[in-house]
Amino acid sequence: MRILITNDDGIYSPGIAALAKIASRFGEVRVVAPDVEQSSMGHAVTHSRPLSYKTSPVSFEGINAYRVNGTPADCVALGTHLWSDTDVVLSGINMGPNLGNSMWHSGTLAAAKQAVLLGIKGIALSTPVGNTEPDFDRLAPYVERTLEMLLPVNELTLFNVNFPEEPKEIVWTRQSVRLYDGTIVPTTDPLNRKLYWFTVKPLEEAEEGTDRWAVERGNVSITPLRLDLTDEAQLESFKTMHPLK
Ligand code: MN
């Protein structure tokens, strides 16, 4: 199995090194990741300038690794172009959760989504970060168990996986859609000029059975996602309300 690894935290992130190491137990691994951090870039693609890649300045213990001057989605497009028989794209392990409405701006998930758009299975993996870096050795058996389950899946599926700090069980979940605070918090710079932080935090309790709910309870959350955003119920209702040709 040929496994392409990317992320949105950039080639220097300890999360991508941990993922590449675990994934190498399952097949032939190649790392193609952004040269600088691209978190919260969502599914941005670079179309107004060309892309290039260079050998990674950090070692991945014998794994071929490259850095790209582009976004996570660019890395997947370029990586699968250069390595055209890629079987699966793994994105992460992101330093920060990608739960609920965070999926809308996640670069980690966008990379896995780009794989599915190209007809290749995509799996995004994330974990929260506190004051210290995540303990990837503690997560490793859970990452391995997740990959054992998801890598043999034949269907073209997009998976969003989130690991709590200290995992207990692995559970199947759906996306939490409860309200998020996407508001601006003002602050100032050392010269007293105005600056603004865009904050993202949940406003409501997580719904049972959702990704947020699972991770809050110390469980690994796996959510299968689809790319079709059509609201079928609304489509039917508007067709009835405003019949068009
Ligand atoms: Mn990130």
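So, here's what we can say about the structure. Nothing here was measured: the structure is a model prediction, and the numbers come from that model.

1. Comments concerning the overall build of the chain
Along its length, the chain carries six helices and 13 strands. For 245 residues, the compact-globule estimate of 2.2 N^0.38 gives 18 Å, and the C-alpha radius of gyration of the chain, at 19 Å, lies within 12% of that figure. With the C-alpha coordinates aligned to their principal axes, the bounding extent of the chain is approximately 60 × 55 × 45 Å. In the chain, buried positions account for 46% of the 245 residues. Across the chain, contacts joining residues at least 24 apart in sequence account for 76% of those joining residues at least 6 apart.

2. A look at the environment of tryptophan 83
Turning to its location among the elements, tryptophan 83 is positioned in the loop between helix 2 (72-82) and strand 5 (88-95). Beyond its immediate stretch of four places on either side in the chain, tryptophan 83 contacts Arg2, Ile3, Leu4, Glu28, Val29 and Arg30.

3. Looking at the coordination of the manganese ion
Coordination of the manganese ion by the protein involves Asp8 (OD), Asp9 (OD), Ser39 (OG) and Asn94 (OD1), with metal-donor separations of 2.1 to 2.2 Å. All donor residues of the manganese ion come from one chain, and their arrangement in sequence is D-D-x29-S-x54-N. You can see aspartate 9 sitting in the loop between strand 1 (2-6) and helix 1 (14-23) and its partner serine 39 sitting in the loop between strand 2 (28-34) and strand 3 (53-55), a full 30 residues away along the chain. Overall, serine 39 belongs to the partly exposed group, its relative accessible area being 28%.

4. A closer look at the packing of helix 2 against helix 3 (residues 107-117)
It is the contact of helix 2 with helix 3, at a shortest axis distance of 7 Å, that shows an interaxial angle of 30°. When the axis of helix 2 is compared with that of helix 3, the two are roughly parallel. Seen along the crossing, helix 2 lies across helix 3 with a hand that is right-handed. Contacts from Pro72, Ala73, Val76 and Ala77 of helix 2 reach helix 3 at Gly107, Ala111, Gln114 and Ala115.

5. Thoughts on the sheet that holds strand 1
The strand order 3-4-2-1-5-6-7-13-8 describes an open sheet built from nine strands, whose pairing is mixed. Two strands bound the open sheet, and with one partner strand each, they are strand 3 and strand 8 (170-172). Sheet twist, expressed as the average angle between the axes of neighbouring strands with direction ignored, equals 25°. Pairing geometry for strand 6 (residues 121-127) and strand 7 (residues 158-162), over five bridges, is parallel. Residue pairing in the sheet places glycine 122 in a bridge with leucine 158 of strand 7. Docked against the sheet, helix 3 engages strand 1, strand 5, strand 6, strand 7 and strand 13 (220-225), running at close to 170° with respect to strand 6.

6. Here we look at the pattern of salt bridges
Where charged atoms from two side chains of opposite charge come close, those side chains can pair. Tallied over the full model, the rule gives six salt bridges. Two residues, arginine 217 and glutamate 216, come together in a salt bridge whose shortest N-O distance is 3.8 Å. The class for glutamate 216 is exposed, based on a relative accessible area of 52%. Notably, a salt bridge pairs glutamate 236 with lysine 239, separated by 3.8 Å at the nearest N-O pair. A residue pair is termed a helical-turn pair when its members lie 3 or 4 positions apart in one helix, as glutamate 236 and lysine 239 do in helix 6 (residues 232-241) at three residues. Within the structure, one salt-bridge network assembled from shared partners comprises Arg2, Glu28 and Asp85.

Basis of the calculations
- Each residue is numbered by its place in its chain's sequence as written, counting from 1.
- Where totals are concerned, whole chains, interfaces and linings use all residues; where local detail is concerned, this predicted model gives features only for residues with pLDDT of at least 70, and gives and counts side-chain atom pairs only at 80 or more.
- Excluded from the side-chain calculation are hydrogens and water; included are all heavy atoms of the structure.
- The secondary structure listing takes helices from DSSP runs of H or I that are at least 4 residues long and strands from runs of E that are at least 2 residues long, numbered from the N terminus.
- Here the globule rule reads 2.2 Å times residues to the power 0.38, and the radius of gyration is calculated from C-alpha atoms.
- Here the term buried applies to any residue with accessible area under 20% of the maximum for its type, exposed to any over 50%, and partly exposed to those in between, with areas from a 1.4 Å probe on protein chains only.
- Any two residues whose heavy atoms approach within 4.5 Å are treated as being in contact.
- Only nitrogen, oxygen and sulfur atoms qualify as donors, and only when within 2.8 Å of the metal (3.2 Å in the case of Na, K and Ca); with water excluded, sites may look incomplete.
- Angles run from 0 to 180 degrees between N-to-C directions of axes, and those axes are lines fitted to C-alpha atoms, restricted for helices to the stretch in contact.
- Comment on the angle field: the value is read as roughly parallel under 35 degrees, roughly antiparallel over 145, roughly perpendicular from 65 to 115, and oblique elsewhere.
- Should the near helix be turned counterclockwise from the far one by less than a right angle, the crossing is left-handed, whereas a clockwise turn marks it as right-handed.
- When DSSP finds two or more bridges between two strands, those strands count as paired.
- Salt bridges are counted wherever a side-chain nitrogen of Lys or Arg sits within 4 Å of a carboxyl oxygen of Asp or Glu.

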